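If you want the building blocks of each chain, they are given just below.
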Amino acid sequence: MGRGEYLVKNLKRHWMLLLMLLPALIYVIVFSYIPMTGIVMAFKKYQYNGGIYFSPWNGLSNFKALFISGKLLQVTRNTLLYNIAFIFFGVVFEMGSAILLNEIINKLFKKTVQSLMFLPYFISWVVAGAIIYNVFNYERGVFNNIVTSFGGTPFDLYNTPGAWPFVLIFLKLWKQTGYGSVVYLAAITGMDQEMFEAASIDGASAWQKIKYLTIPSLRPTMMILVLLGIGNIFRGDFGLFYQTVKSSALLQPMTDVIDTYVFRLLIDNGNVGVSAAAGLYQSVLCFITIMVCNKLVKKANPDYALY
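Reading the values: rules and limits
- Residues numbered from 1 in each chain as written.
- Predicted model: local features only at pLDDT ≥ 70, side-chain atom pairs only at ≥ 80, totals over all residues.
- Heavy atoms only, no water.
- Helix = DSSP H or I, 4+ residues; strand = E, 2+ residues; numbered from the N terminus.
- Buried < 20%, exposed > 50% of the residue type's maximum accessible area, 1.4 Å probe, protein only.
- Contact = heavy atoms within 4.5 Å.
- Phe/Tyr/Trp six-rings, centres within 6.5 Å; stacked < 30°, edge-to-face > 60°.
- Axes fitted to C-alpha atoms, helices over the stretch in contact; angles between N-to-C directions.
- Parallel < 35°, antiparallel > 145°, perpendicular 65-115°, else oblique.
- Left-handed = near helix turned anticlockwise from the far one by under 90°.
- Nonpolar A, V, L, I, M, F, W, Y, C, P; charged D, E, K, R; others polar.
- Salt bridge = Lys/Arg side-chain N within 4 Å of Asp/Glu carboxyl O.
- Polar contact = N/O pair within 3.5 Å; in protein donor to acceptor, adjacent residues only side chain to side chain.

Draft legend 1. Highlighting the overall build of the protein. Each helix and strand counted, the protein has 15 helices and zero strands in total. Referenced to the eigenvectors of the C-alpha coordinate spread, the extents of the protein come out at roughly 85 × 75 × 35 Å. Classification of the 307 residues of the protein by burial places 35% in the buried group. In the protein, of all internal contacts separated by at least 6 residues, the share reaching a separation of at least 24 is 65%.

Draft legend 2. Seen up close, the packing of aromatic side chains. This structure, assessed with the given rule, holds 19 aromatic pairs. An angle of 45 degrees between the planes, with centres 5.4 Å apart, marks the rings of F43 and F63 as tilted. Remark: F63 occurs in helix α4 (residues 61-68) and F43 occurs in the loop between α2 (15-33) and α3 (51-54); sequence separation between them is 20 residues. Since its relative accessible area comes to 26%, F43 is described here as partly exposed.

Draft legend 3. Representation of the packing of helix α14 (residues 258-267) against helix α15 (residues 272-300). Relative orientation of the contacting elements α14 and α15 amounts to 165 degrees, with a least axis distance of 8 Å. Comparing their axes, α15 and α14 come out roughly antiparallel. Viewed along their axes, α14 and α15 form a crossing whose handedness is left-handed. In this structure, α14 uses I258, D259, V262, L265 and L266 to contact α15, whose residues at the interface are V272, V274, S275, A278, G279, Y281 and Q282. Here the residues of the contact of α14 with α15 sort into eight nonpolar, three polar and one charged.

Draft legend 4. The arrangement of the environment of Q252 in detail. Tracing the backbone shows Q252 in helix α13 (residues 252-255). According to the relative accessible area criterion, Q252 is buried, its value standing at 14%. The spacing of Q252 and P161 is 91 residues in sequence and 8.0 Å in space, taken between C-alpha atoms. Apart from residues no more than four positions distant in its own chain, Q252 is found in contact with K71, Q74, N78, S247 and R264.

Draft legend 5. Layout of α14. α14 sits mainly inside the fold: seven of its 10 residues count as buried. Turning to α14, its buried residues number three or more, namely I258, D259, T260, Y261, V262, R264 and L265.

Draft legend 6. Here's a closer look at the packing of helix α5 (residues 72-103) against helix α11 (residues 206-231). Relative to each other, α5 and α11 sit at 140 degrees, their axes nearing to 10 Å. Judged on the interaxial angle alone, α11 and α5 are oblique. Viewed along their axes, α5 and α11 form a crossing whose handedness is right-handed. Along its contact with α5, which presents I87, V91, M95, I99 and E103, the element α11 presents A206, I210, T214, I215, L218, M222, V226, G229 and I230. Looking at side-chain class alone, the contact of α5 with α11 contains 11 nonpolar, two polar and one charged residues.

Draft legend 7. Examining the pattern of salt bridges more closely. A complete count under the given rule lists four salt bridges for this structure. Residues R140 and E139 are paired through a salt bridge, measuring 3.4 Å at the closest nitrogen-oxygen approach. Its relative accessible area of 60% is what places E139 among the exposed residues. Residue D237 is joined to K172 by a salt bridge in which the shortest nitrogen-to-oxygen separation is 3.0 Å. Linking D237 in the loop between α11 and α12 (238-243) with K172 in helix α9 (residues 164-189), this pair joins segments that are 65 residues apart in sequence. Taken together, the salt bridges that share partners define one network made up of K71, D256 and R264.

Draft legend 8. Region of the structure containing the environment of S55. Within the fold, S55 resides in the loop between α3 and α4. Each C-alpha atom, one on S55 and one on K44, is 6.3 Å from the other, the two residues being 11 residues apart in sequence. Apart from the residues lying within four places of it in its own chain, the contact partners of S55 are K44, K45, Y46, Q47 and G50. Of note is the side chain of S55, whose polar atom sits 2.4 Å from the backbone oxygen of G51.

Draft legend 9. A look at the environment of M95. Here M95 is to be found in helix α5. Taking the C-alpha atoms as reference, M95 lies 8.0 Å from L185; in sequence the two are 90 residues apart. The residues contacting M95, other than those within four sequence positions of it, are G90, Y184, L218 and M222.

Structure representation (structure tokens):
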């Protein structure tokens, strides 16, 4: 039987399953693959009358304008450093929260704590930005009102660039820890409970079971999540960096990332070609990073690799 006949036979045999798969396939093609053709804008001088595909080509001029702008290295550095911090502290807090939740015996208290941790995930960055502004506003903020009522000096957060890395990392952890801990909690729930019972019989304390059983068993899950995070290490959370910082020029050296930089290029300057070039630059960096990291992980331990 030839390959063609074998393919037709399988299509006839599994046509119902393939038909169920068709909506998801159409969705991926329409929203993931067709938009990829917009990459050509990075190599064109965009004109509204020509559109994406009929505007004139301009070679690498958009990339040249992007690199000589003087801000690309700065926003790339910020994006990389912020995401490294998000990944590192995310793993620590998410795994730690899951382990602590698993150790809680009282079911009602456990569910209450988990619900409170999960709640910030559903709060949009617009609302979170408004909360931060109303708390730390220099003139009318809650924090400064409390400080001045005790005779202290008000703190102007929006004119202190050095404080924002700590604020942004805190906000990211506040919003993602509850959601991220669910994956680790599910992994803990799926562990073989007999090894914990055997450890208890041997006299192991709660900390020893966490150190020698729980954490090593969570390592594969942690590696997969870290690799997924590394795949987006050059992509900033636009909502976090734009809605909380807004467009403050004073704070941009410490808070500007590639995503907000591309947005300003498009909105403030209207330069579609340079914005597309910045987006392509970002995607290429992410692709190279995940390929290199996955190769290194696969070489060290194939079981932890994504593919």
